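Structural overview
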Amino acid sequence: MTGLPFTDLNHVLTTTRSVRLRLDYDRPVPLDVIGECLQLAVQAPTGGAAEDWRWVVVGDPDRKAELARLYLDAYLEYVHKPLHSAEGAESRIVRGRLGGVDEHGAVSARTARILGGAEHLAHHIGRAPFLVIPCATRPNPARGGPGTHSAVYGSLYPAIWQFNLALRARGLGTVITTLHLHHAAAAAALLGIPDDALQITMLPIAYTQGTDFKVAARKPVSDVAFLDRWGDPLPYEDKPVDRLTGEDTA
């Protein structure tokens, strides 16, 4: 772990943000660093020990530019255009994507900041040194039975998030995006992804402008966790982050 910016697990867990505005597009990222982070990512649990993840790491400028075009096209069609229509945030297409929308369709200041970051990312995502597309090689969940969706995505997202954490520990950042999936077939053709591989997300990878990310404001655990029965709050009072030692207090 020598030379890494952060080695404290609680710090990494509480400050790994979705980075949109603070990606440093001009600083090169060594491919070996991507390899290190993927080596750590694939230590994540995977259903049935299938290791059914595949990671397409894209650094070629022309391929990145085409992926960026697909992403921007989807952003304009499914986010920007509906938001700027007469319905605005009330639009059925975007309302489900947004948090912090009140009963009058107005977005919160926090959501407005996120939308500003999303707009910026949509126009700059192709400048990231690398774009990484994790894929699942299990059967398409649409053709499976109960639990298939959970099995497929549950085998990929732990590794995807572990990749996020490994990046953060090395001073890099990313954000989980899904808009390019509106054009998944075109992306697959561009990158030679076979028909039986399911694209999960696309991650722009770059060093961050500064590493001083803060702990996010979140609802307390007692508001979102229940004990024994839905609606019965878990009797827990959130602690200051610096007291989350991970020590057994039982």
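Placed above this text is the structure.
This report concerns the structure included in the present document. Not measured: the values here are computed from a predicted model.

Here is what the cut-offs are and how they apply
- Residues numbered from 1 in each chain as written.
- Predicted model: local features only at pLDDT ≥ 70, side-chain atom pairs only at ≥ 80, totals over all residues.
- Heavy atoms only, no water.
- Helix = DSSP H or I, 4+ residues; strand = E, 2+ residues; numbered from the N terminus.
- Buried < 20%, exposed > 50% of the residue type's maximum accessible area, 1.4 Å probe, protein only.
- Contact = heavy atoms within 4.5 Å.
- Areas by Shrake-Rupley, 256 points an atom, 1.4 Å probe, with all protein chains shown as cover.
- Salt bridge = Lys/Arg side-chain N within 4 Å of Asp/Glu carboxyl O.
- Phe/Tyr/Trp six-rings, centres within 6.5 Å; stacked < 30°, edge-to-face > 60°.
- Lys NZ or Arg CZ within 6 Å of the ring centre and 35° of its normal.
- Core = buried A, V, L, I, M, F, W, Y, C linked by side-chain atoms within 4.5 Å.

The next subject is the overall build of the chain. Each helix and strand in the chain was counted, giving eight helices and six strands. In sequence order, the chain lays out its α and β elements as α-β-α-β-α-α-α-β-α-β-α-β-β-α. Within the chain, the fraction of its 250 residues that count as buried is 38%. Here the contacts in the chain between residues at least 6 apart in sequence split such that 74% fall between residues at least 24 apart. About 14200 Å² of surface is accessible on the chain, with carbon and sulfur atoms providing 54% of the total.

Our next topic: the pattern of salt bridges. Overall, the coordinates contain six salt bridges when judged by the stated rule. Residue D60 pairs with R63 through a salt bridge whose shortest N-O separation is 3.8 Å. In the salt-bridge network here, residues are joined through shared partners; they are E66, R69 and D73.

Below, the discussion takes up unusual backbone geometry. Unlike most non-glycine residues, D228 shows phi in positive territory, near 75 degrees. Within the secondary structure, D228 is located in the segment after α8 (221-224). Relative accessible area serves as the criterion here: at 79%, D228 is assigned to the exposed category.

Per the counting criterion, the structure on display carries two aromatic pairs. Arranged with centres 5.8 Å apart and planes meeting at 55 degrees, the rings of W55 and F163 form a pair that is tilted. Placement of W55 in strand β2 (residues 53-58) and of F163 in helix α6 (residues 148-169) is noted, with a sequence separation of 108 residues between them. Here the aromatic rings of F226 and W230 are separated by 4.8 Å at their centres, their planes lie at 50 degrees, and the arrangement is tilted. Take F226: its relative accessible area is 32%, and that puts it in the partly exposed class. We note R22 situated over the ring of F213; from NZ or CZ to the ring centre the distance is 4.1 Å.

Ranked by internal contacts, the top residues of the largest apolar core, which has 31 residues, are L67, Y71, L121, I125, L131 and M202. Of all the elements in the fold, those that place two or more residues in this core are α3 (61-83), α5 (109-124), β3 (130-136) and α7 (184-191). Among the elements that take part in this core, α3 stands out by supplying eight residues, more than any other. The residues contacting M202, other than those within four sequence positions of it, are L67, Y71, I125, L131, V132, I133, V175, I176, T177 and H180. Membership of the second largest hydrophobic core comes to 25 residues, among which are V33, C37, L172 and L198.

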